[in-house]
Amino acid sequence: MFCEQCEQTASGNGCHQWGACGKGPEVNAVQDLLVYCLRGLAEVALRARELGISTHEADVFACESLFATMTNVNFDKKRFTQDYIRRAIALRETLKTQVEEKSPTQWSDLATFTPDFNDSLVEQGQAVSLEFIAKSGGDVDIFSLKLTVLYGIKGAASYTFHAYEMGQEDDRVYAFIQEALAAINRPDLTLEDWVNLALKVGEINLRSMELLDAGHTQTYGHPVPTVVPLNAKAGKAILVSGHDIKQLAALLEQTQNTGITVYTHGELLPAHGYPLLKQKYPHLYGHYGTAWQNQTKEFAKFPGAIILTTNCLMPPHEHYEDKLFTIGPMGYPGLRYLPHTENGTPDFSQVIQKALELPGFAEDGEPRSVMTGFARNAVLSVADTVIEAVKQGKIRHFFLVGGCDGAKPDRNYYTEFVEKVPEDCVVLTLACGKFRFFDKNLGTIGEIPRLLDVGQCNDAYSAIQIALGLANAFEVGVNELPLSMILSWYEQKAVAVLLTLLYLGIQDIRLGPTIPAFLSPNVLKLLSETYKLKPITTPDEDLAACLA
Ligand code: SF4
Ligand code: SF3
């Protein structure tokens, strides 16, 4: 196998025997085979678009199934072999028939490839992976950019799928995802073309995040600063992890009047800030646990049922498998998977039943809390106060310390960095990297809290709007603001967000804990020369440089 799509990649240069995430070579092979089939589907979908044939089903399917190939999303070989790969081929053939009726077309090998379903799909997946490397491996920089585009597209596709679930779509996004998938097969693109394509992924991802933001805020209102209990409440409990607010809302609806208390985990913490969820569902009570990589310990201790709505799922331990459920693109062999019903959400009765069987929390915990809900509307509504504080020298600098968390010890950098931020500076944060410092009391500057949780990783859109709003108010460009971005990455959503920031021309981003293995030395040099993208060093050194 060969996979280097995440930060955890073995020895910093690719997982070859077994994924450090727990993904085995067989699952890796069938995921590669799916991506290969999606590239063929993309070629047909683009031709169908030219002829005015609707590709909507194929577009949404491409997003959902790309999502399933992201790190820590789906480890269930059967979902790929029995479902996703077959659907990719079936959708392609249906579209091809419609195209042929209008205009006979000469197809590439990709668009005519159909796996032999009576033979090993693992071996066929391994063969297409080797072919991909052999075809692209000659030029290391183009190979690096192809992987950047592919991984960025996976991240953008996952946000696009979330936005679709929230009723928000833009055909331009779907068209580009198909274009980018089809482009991976093109031998004629130059290095410059690939750089531009990678930046275009960033542009499209910005639109996907904008759609998702619209979906969330139009459905549940703009997040407001909210105190979220971190302590348990006596009684039966369900824990919901991942990013999917719509599925959380569906669970809240179905658990009304059951006496069950619902807790968020990981990237669902910001859900507490949405007014409509707060008002309508008082049993959405608090937040339990920290970031995804701690789930094996945290899930084992949770005395209720647990739902994983999206990444990041760790291979579960036996002693909590029976209380863990997956939905959407998630999967793990042996875990119970709840398919969507016709209304786009699962029937959660099995989860409710499990929660009622389990003991729940015996007593209320010692009160502890954090705050969330400092999204664009909340922050920009007090922009005048913030600007005044900057003008009076009360706020010297803003740091956006955000991104993914992970298990590696060098991620302690981010905790130490935040601890060392001087008292006249404000820290904005988002995504699961915040769990390293989210419960620290950094105090306030006047009325303004020094630690502001903007939201999930996709709420990078909100953080961008805050930066643009402040730049506008100060009448400077974003790069002239007293703002530094200290980012951590792990999986492909973070790759998409990074490409968005580069597309916007944001300079001086500090990235860690390591630089992506899929960036070749020349591509990295280009990024550091054009955007001054740099690796993190030490908290002291980086703080000094940012404040100089
Ligand atoms: Fe390795 Fe990351 Fe790929 Fe898993 S997703 S196999 S850890 S590079
Ligand atoms: Fe986290 Fe997986 Fe990336 Fe959404 S949940 S930021 S790592």
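See the structure printed just above.
Residues numbered from 1 in each chain as written. Chains lettered and ligands numbered in written order. Predicted model: local features only at pLDDT ≥ 70, side-chain atom pairs only at ≥ 80, totals over all residues. Heavy atoms only, no water.

For the chain, the count of helices and strands is 20 helices and 16 strands. The globule rule puts the C-alpha radius of gyration for 548 residues at 24 Å, and the 23 Å found for the chain is close to it. Buried residues in the chain amount to 61% of all 548 residues. Taking contacts inside the chain between residues at least 6 apart in sequence as the whole, the part at least 24 apart equals 76%. (Helix = DSSP H or I, 4+ residues; strand = E, 2+ residues; numbered from the N terminus. Rg over C-alpha atoms; globule rule 2.2 N^0.38 Å. Buried < 20%, exposed > 50% of the residue type's maximum accessible area, 1.4 Å probe, protein only. Contact = heavy atoms within 4.5 Å.)

Read from one edge to the other, the open sheet built from 6 strands follows the order 13-10-9-14-15-16, with strand pairing classed as parallel. Looking along the sheet, the strands with just one partner apiece sit at the ends: strand 13 (451-455) and strand 16 (534-535). Set on the sheet, helix 16 (residues 412-420) makes contact with strand 9 (397-403), strand 10 (425-430), strand 14 (483-488) and strand 15 (510-512); between it and strand 14 the angle comes to about 155 degrees. (Pairing = 2+ DSSP bridges. Axes fitted to C-alpha atoms, helices over the stretch in contact; angles between N-to-C directions.)

Okay, the pairing of strand 5 (residues 305-308) next. Covered by surrounding structure in strand 5 are Ala305 and Ile307 together with Ile306 and Leu308, the residues of both alternating faces. By the bridge criterion, 4 bridges tie strand 2 (residues 237-241) to strand 5 in an arrangement that is parallel. Within strand 5, the residue paired with leucine 239 across the bridge is isoleucine 306. Pairing geometry for strand 5 and strand 6 (residues 324-326), over 3 bridges, is parallel. The residue bridging leucine 308 from the neighbouring strand is threonine 326, located in strand 6.

The next point concerns the site of ligand 1. Neighbouring residues of ligand 1: 13 residues in total, closest Cys3, Cys6, Cys15, Cys21 and Thr71. When grouped by side-chain class, the residues that make up the shell around ligand 1 number 6 nonpolar, 5 polar and 2 charged. (Near = heavy atom within 4 Å. Nonpolar A, V, L, I, M, F, W, Y, C, P; charged D, E, K, R; others polar.)

Here a ring pair, both rings aromatic, is described through the centre-centre distance and the interplanar angle of the planes. Applying the stated rule across the entire model yields 22 aromatic pairs. Among the aromatic side chains, those forming a connected cluster through ring pairs are Tyr263, Tyr285, Tyr288, Phe302 and Phe361. Cation over ring: arginine 79 sits above tyrosine 337, and NZ or CZ is 3.9 Å from the ring centre. Directly above the aromatic system of phenylalanine 435 lies the positively charged group of lysine 434, at a separation of 5.7 Å from the ring centroid. (Phe/Tyr/Trp six-rings, centres within 6.5 Å; stacked < 30°, edge-to-face > 60°. Lys NZ or Arg CZ within 6 Å of the ring centre and 35° of its normal.)

What surrounds ligand 2 is the set His243, Glu267, Trp292, Asn311, Cys312, Cys404, Ala431, Cys432, Cys457, Tyr490 and Glu491. In the shell around ligand 2, the residues fall into 7 nonpolar, 2 polar and 2 charged.

A separate point is helix 18 (residues 492-503). Since there are 3.6 residues in each turn of an α-helix, residues three or four apart along the chain are aligned in direction. Its 12 residues give helix 18 an end-to-end C-alpha distance of 16 Å, which sits within 8% of 16 Å, the value for a rise of 1.5 Å per residue. Most of helix 18 is tucked away, with 11 of its 12 residues classed as buried. Within helix 18, the full set of buried residues consists of Gln492, Lys493, Ala494, Val495, Ala496, Val497, Leu498, Leu499, Thr500, Leu501 and Leu502. A side-chain oxygen of the first residue of helix 18 lies 2.8 Å from the backbone nitrogen of lysine 493; this N-cap is glutamate 491. Once helix 18 ends, the next one or two residues include glycine 505, with phi positive near 80 degrees. (Expected span 1.5 Å × (residues − 1). Polar contact = N/O pair within 3.5 Å; in protein donor to acceptor, adjacent residues only side chain to side chain.)

Here we take up the packing of helix 6 (residues 140-165) against helix 18. Here helix 6 crosses helix 18 at 100 degrees, and the two axes come no closer than 7 Å. Put simply, helix 6 runs roughly perpendicular to helix 18. Along the contact surface, helix 6 presents Thr148, Tyr151, Gly152, Lys154, Gly155, Ala156, Ser158, Tyr159 and His162, while helix 18 presents Gln492, Lys493, Val495, Ala496, Val497 and Leu499. Here the residues of the contact of helix 6 with helix 18 are counted per class, giving 7 nonpolar, 6 polar and 2 charged. (Parallel < 35°, antiparallel > 145°, perpendicular 65-115°, else oblique.)

A word on the nonpolar core. Core analysis: the biggest nonpolar cluster contains 182 residues, and Leu38, Trp194, Ile238, Tyr263, Leu277, Ile395 and Ile509 have the highest contact counts within it. At 14 residues, the largest contribution of residues to this core is made by helix 1 (residues 25-50). Excluding its chain neighbours within four sequence positions, the residues that come into contact with tryptophan 194 are Ile142, Leu145, Lys146, Val149, Ala183, Ile184, Arg186 and Leu189. Of all hydrophobic cores here, the second largest spans 16 residues; its members include Tyr413, Phe417, Cys425 and Phe437. (Core = buried A, V, L, I, M, F, W, Y, C linked by side-chain atoms within 4.5 Å.)

Within a sheet, neighbouring strands are paired by backbone hydrogen bonds and run either parallel or antiparallel to one another. Strand order in the open sheet formed by 6 strands is 4-3-2-5-6-7, with parallel pairing between adjacent strands. Of all the strands in the sheet, the pair left with one neighbour each is strand 4 (284-287) and strand 7 (336-337). Relative to strand 3 (residues 261-264), strand 2 is paired through 4 bridges, and the arrangement is parallel. Among the inter-strand pairings, alanine 237 is bridged to a residue of strand 3, identified as threonine 261. Contacts from helix 9 (residues 245-254) reach strand 2, strand 3, strand 4 and strand 5, with the element oriented near 165 degrees to strand 3.

This brings us to the environment of leucine 481. Structurally, leucine 481 is set in the loop between helix 17 (460-474) and strand 14. Along the chain, leucine 481 and histidine 397 lie 84 residues apart, while their C-alpha atoms are 8.5 Å from each other. With residues near it in sequence (within four places) discarded, leucine 481 still touches Ala467, Leu470, Ala471, Phe474 and Val476.

This part covers the pattern of salt bridges. Applying the stated criterion to the full structure yields 30 salt bridges. Notably, a salt bridge pairs arginine 376 with aspartate 213, separated by 2.4 Å at the nearest N-O pair. Of this pair, arginine 376 sits in helix 14 (residues 376-380) while aspartate 213 sits in helix 8 (residues 191-220), placing them 163 residues apart in sequence. Taken together, the salt bridges that share partners define one network made up of Asp170, Arg172, Arg207 and Glu210. (Salt bridge = Lys/Arg side-chain N within 4 Å of Asp/Glu carboxyl O.)

None of this, on its own, says anything about what the molecule does.
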